[in-house]
Amino acid sequence: MTASRKPVLVFGATGRQGGSVVTALLTAGWPIRAFVRDLTSPKSQALRDAGVDLVQGTFDDTDMIRAAMEGVHGVFSVQPSSPGGVVSDEDELRFGVAVADLSVESGIKHLVYSSTNAVGDTLTGMGHLDSKARIEAHINALPITATIVRPASFMELLVMPGFGLNEARFNFFAKPNQSIQLLAVEDIGKFVAAIFAQPARFGGKTLEIASDTVTGAHLGAVFTEAAGRPITYARFPDEVLATNPFLRKLTDLLDEGRLAGNADLDALRKLNPELRSFRSWIAASGREAFRAALGTADAWAYKA
Ligand SMILES: NC(=O)c1ccc[n+]([C@@H]2O[C@H](COP(=O)([O-])OP(=O)(O)OC[C@H]3O[C@@H](n4cnc5c(N)ncnc54)[C@H](OP(=O)(O)O)[C@@H]3O)[C@@H](O)[C@H]2O)c1
């Protein structure tokens, strides 16, 4: 079980990654302290109801982060990024570096930082990916037991509005026969729980994390099956990529192999035997968002 009865401090606990980590660490028996911006928000209240100790503050508030780290065993660090529209790439870098530096100063035994699987030997040219590469480099130079996880693209992204599901099509980065790894957000916490349980094994390591490997054609097939009607798959049309530099760059990165993912799914399944396939995810956690993306609540016909 736990190496210590001291809590793990989770950043972003009201968000996707941090929320997944809180759920899994609570299940594993860790006391949790969450660093939240608004103690009164419904998500903060839900954390409190689940037995989480809440500390209020923002990433800009060094004194509050330092206070939140008092008496803490481990830290899960994740920062918002520029595509969310609220922070700049420089903010993300500053926040990630501050959490890492304060973890050292506070004598934290194990820091787990969530990066991206796009980080490699060279920068990508995309600010919100390269900020994570810089935070990784900073952490790797610090005198602390740290584990870096590099998540693949979230399955949750695929069922956000705008990829064409409401028009019986699905457009994404991959060519129909091109592979890309995907990650169910619920699996993040399970990996992180396994990492906190084995600091000697994972300290100093960088681990790509993913739940499944799919192709564009496979996505179309699973969506078709789940919708009960044909969903046509195609890569984003050239005219869309020509007018959207953000999508163009991500598509180029996939073609270069930078976003395709190299996670060892067999090894990850040993850490988390409940690893989600895309098909099983869309039948369960992804089902509601998928139905919403289809634009009709009656379209669900998936038989698990
Ligand atoms: N691999 C992928 O496909 C993928 C997809 C999306 C995102 N990401 C990466 O994941 C990271 C974001 O994680 P996420 O998706 O879990 O985020 P999320 O769901 O958007 O949640 C953001 C969390 O950060 C908190 N937060 C925001 N600004 C803060 C501040 N100034 N001080 C303290 N807390 C603050 C939010 O708290 P409130 O509740 O107060 O807002 C929330 O808990 C980004 O770096 C992004 O690049 C990766």
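Residues numbered from 1 in each chain as written. Predicted model: local features only at pLDDT ≥ 70, side-chain atom pairs only at ≥ 80, totals over all residues. Heavy atoms only, no water.

1. Description of the site of the ligand
Part 1 of the reasoning: Around the ligand sit 19 residues in total, of which Thr 14, Gln 17, Arg 37, Gln 79 and Ser 81 are the nearest.
Part 2 of the reasoning: For the ligand, an oxygen atom lies 2.8 Å from a polar atom in the backbone of Phe 154.
Part 3 of the reasoning: Relative to its free-state accessible area of 930 Å², the ligand is covered by the protein chains to the extent of 78%.
Part 4 of the reasoning: More than half of the atoms of the ligand fall within 2 Å of the grid points belonging to the largest pocket.
Part 5 of the reasoning: Looking at the shell around the ligand, the elements with two or more residues in it are helix H1 (16-27) and strand E7 (153-154).
Part 6 of the reasoning: Across the shell around the ligand, the residue classes tally to seven nonpolar, eight polar and four charged. (Near = heavy atom within 4 Å. Polar contact = N/O pair within 3.5 Å; in protein donor to acceptor, adjacent residues only side chain to side chain. Areas by Shrake-Rupley, 256 points an atom, 1.4 Å probe, with all protein chains shown as cover. 1 Å grid on protein atoms, 1.4 Å probe; cavity = no way out; pocket = protein on both sides within 12 Å on 5 of 7 lines; lining within 4 Å. Sits in = over half its atoms within 2 Å of the grid points. Helix = DSSP H or I, 4+ residues; strand = E, 2+ residues; numbered from the N terminus. Nonpolar A, V, L, I, M, F, W, Y, C, P; charged D, E, K, R; others polar.)

2. A closer look at the layout of surface pockets
With a probe scaled to a water molecule rolled over the atoms, the places where space remains empty come into view.
Part 1 of the reasoning: Computed from the structure, the largest pocket encloses a volume of approximately 1600 Å³.
Part 2 of the reasoning: Lining of the largest pocket is provided by 48 residues; of these, Arg 16, Gln 79, Pro 80, Ser 81 and Gly 84 occupy positions nearest its centre.
Part 3 of the reasoning: Residue assignment for the lining of the largest pocket shows that the elements contributing at least two residues are H1, strand E2 (32-36), helix H4 (89-105), helix H5 (127-140), E7 and helix H11 (245-255).
Part 4 of the reasoning: Class assignment for the residues of the lining of the largest pocket results in 24 nonpolar, 18 polar and six charged. (Points joined across faces, edges and corners; volume = space filled by probe spheres on them.)

3. A short note on the confidence of the model for the protein chain
Part 1 of the reasoning: Of the residues in the protein chain, 96% have a pLDDT of 70 or more, and the chain-wide mean is 94.
Part 2 of the reasoning: This model gives residues 296-304 a pLDDT under 50, and the stretch forms 23 contacts once residues within four places in sequence are excluded. (pLDDT = per-residue confidence, 0-100. Contact = heavy atoms within 4.5 Å.)

4. Quick notes on the nonpolar core
Part 1 of the reasoning: In this structure, Val 10, Leu 25, Ile 32, Leu 47, Ile 188, Ile 209 and Leu 268 are the most contacted members of the largest nonpolar core, which totals 38 residues.
Part 2 of the reasoning: Broken down by secondary-structure element, the contributors of at least two residues to this core are strand E1 (8-11), H1, E2, helix H7 (185-197), strand E10 (206-209) and helix H12 (265-271).
Part 3 of the reasoning: A total of eight residues in this core trace back to one element, the largest contributor, which is H7.
Part 4 of the reasoning: Residues contacting Leu 268, with those up to four places away along its chain left out, are Phe 191, Leu 207, Glu 208, Ile 209, Ala 210 and Ala 263.
Part 5 of the reasoning: Within the second largest apolar cluster, 37 residues are counted, among which are Leu 158, Leu 165, Leu 219 and Leu 254. (Core = buried A, V, L, I, M, F, W, Y, C linked by side-chain atoms within 4.5 Å. Buried < 20%, exposed > 50% of the residue type's maximum accessible area, 1.4 Å probe, protein only.)

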